[in-house]
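Structure assessment
Chain by chain, the residues run as shown.
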Amino acid sequence: MKMLKTLAAAALALCAAATVQARPLAEIQKSGTIILASEGQYAPFNFFKGKELTGYEIEVAEAVAKKMGLKYEWKTVGFDALLTGLAQDRWDLVIASHGITEERAKAATFTDPHYCSGGQIVALKPEIRTAADLAGKTVAVQTGTSYLQHVKEVPGVKEVKNFPTDEAARSALGSKRVDAWVTDRFVAKEMLAKAPKAGFKTGDMLFVEKVAAAVTKGNQSLADAWNKSFKELVADGTIGKISQKYFQEDVTCK
Ligand code: ARG
């Protein structure tokens, strides 16, 4: 009897594990639809234009999915919840400007990068330009980002203020609640172009990073298929065109 109970418990545990298993490529192909997740609050990479989710990495992901012969379905959640949801297999792939870091690579498998960028200092005062200039200053960053991680390492920073979205970090600078904002260099470039009157000035890059999509840790069949289609779309100029549309330059890694 005891043995039976143990067996039953083991079987149950197996079933539970199976339901939270990542979908390998074959299973996604069988269903015909890949479940993609992003944030939707990080223009021009992923954002809402009215009700429509769009942006560089949204268009890239949709092109890759099509190339893979799949339909796609989007989920949008807060940046903080994206990798957690991936680990729980609530979606197949996350594309939301995650820089490839060692820490993240412990919990997820990254695809090849779809752009190369880095964190840049943005301020209103022209004298705040370099990492050294951040000493004694208050700096705004989005929670859970590589910007937070790197600003923490800058010696002498008075305070790092966390915001749930990058836009909220930006408005903190706009209303002078902080001295500087650290964000992606292409986000900063777009912001300066779109709102020249805001008086934002870009300073140095604090660090560089390769930005990639992520799949559940070890879901290599999906990562491989994604990479293959992405490469083909780089080669045929599709990715370059999407990049030009949003940035007037090629943001892919050279
Ligand atoms: N590139 C930065 C990072 O790796 C920021 C990403 C922010 N993405 C977003 N969808 N808000 O953490």
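Small disclaimer: the values here were computed from a predicted structure and weren't measured.

Rules used in this analysis
Residues numbered from 1 in each chain as written. Predicted model: local features only at pLDDT ≥ 70, side-chain atom pairs only at ≥ 80, totals over all residues. Heavy atoms only, no water. Phe/Tyr/Trp six-rings, centres within 6.5 Å; stacked < 30°, edge-to-face > 60°. Helix = DSSP H or I, 4+ residues; strand = E, 2+ residues; numbered from the N terminus. Buried < 20%, exposed > 50% of the residue type's maximum accessible area, 1.4 Å probe, protein only. Expected span 1.5 Å × (residues − 1). Near = heavy atom within 4 Å. Polar contact = N/O pair within 3.5 Å; in protein donor to acceptor, adjacent residues only side chain to side chain. Areas by Shrake-Rupley, 256 points an atom, 1.4 Å probe, with all protein chains shown as cover. Nonpolar A, V, L, I, M, F, W, Y, C, P; charged D, E, K, R; others polar. Domains from an automatic or database assignment. Salt bridge = Lys/Arg side-chain N within 4 Å of Asp/Glu carboxyl O.

A full pass over the atoms with the stated rule returns 10 aromatic pairs. Measuring from centroid to centroid gives 6.5 Å for Y115 and F186, while their planes differ by 70 degrees, and the two rings are edge-to-face. Placement of Y115 in strand β7 (residues 108–123) and of F186 in helix α8 (residues 185–194) is noted, with a sequence separation of 71 residues between them. One exposure class covers both Y115 and F186, and it is buried. Pairing F186 with F247 gives two aromatic rings, centres 5.4 Å apart and planes at 55 degrees, and the pair type is tilted. You can see F186 sitting in helix α8 and its partner F247 sitting in helix α10 (residues 238–247), a full 61 residues away along the chain. Residues F186 and F247 agree in their burial class; the two are buried. Linked through ring pairs, Y42, F45, Y56, Y115, F186 and F247 together constitute an aromatic cluster.

An ideal rise of 1.5 Å per residue puts 22 Å on 16 residues; helix α9 (residues 220–235) measures up with 22 Å between its terminal C-alpha atoms. Among the residues of α9, L222, A223, A225, W226, N227, S229, F230 and L233 are the ones counted as buried. Two residues or fewer after α9 comes G237, characterised by a positive phi angle close to 90 degrees.

This part takes up the site of the ligand. Around the ligand, 14 residues are found, and the nearest of them are E39, S97, G99, S146 and E209. For the ligand, an oxygen atom lies 2.8 Å from a polar atom in the side chain of R104. Measuring from a nitrogen atom of the ligand, one finds a side-chain N or O atom of E209 at 2.6 Å. Contact with the protein chains covers 100% of the free accessible surface of the ligand, which is 350 Å². The set of elements that each furnish at least two residues to the shell around the ligand consists of β6 (93–99) and α6 (146–152). With four residues, the top contributor of residues to the shell around the ligand is β6. A breakdown of the residues in the shell around the ligand according to their chemical character gives four nonpolar, seven polar and three charged. When residues of the shell around the ligand are assigned to domains, at least three fall in each of domain 1 (25–116 + 212–247) and domain 2 (119–205).

With that settled, consider the pattern of salt bridges. Per the stated rule, a full pass over the model turns up nine salt bridges. Here E190 makes a salt bridge to K194, at a shortest N to O gap of 3.8 Å. Note that E190 and K194 are positioned in helix α8 at a spacing of four residues, about one turn of the helix. Exposure remark for K194: the relative accessible area of 60% places this residue in the exposed category.

Purely geometric stuff here, so don't read any function into it on its own.
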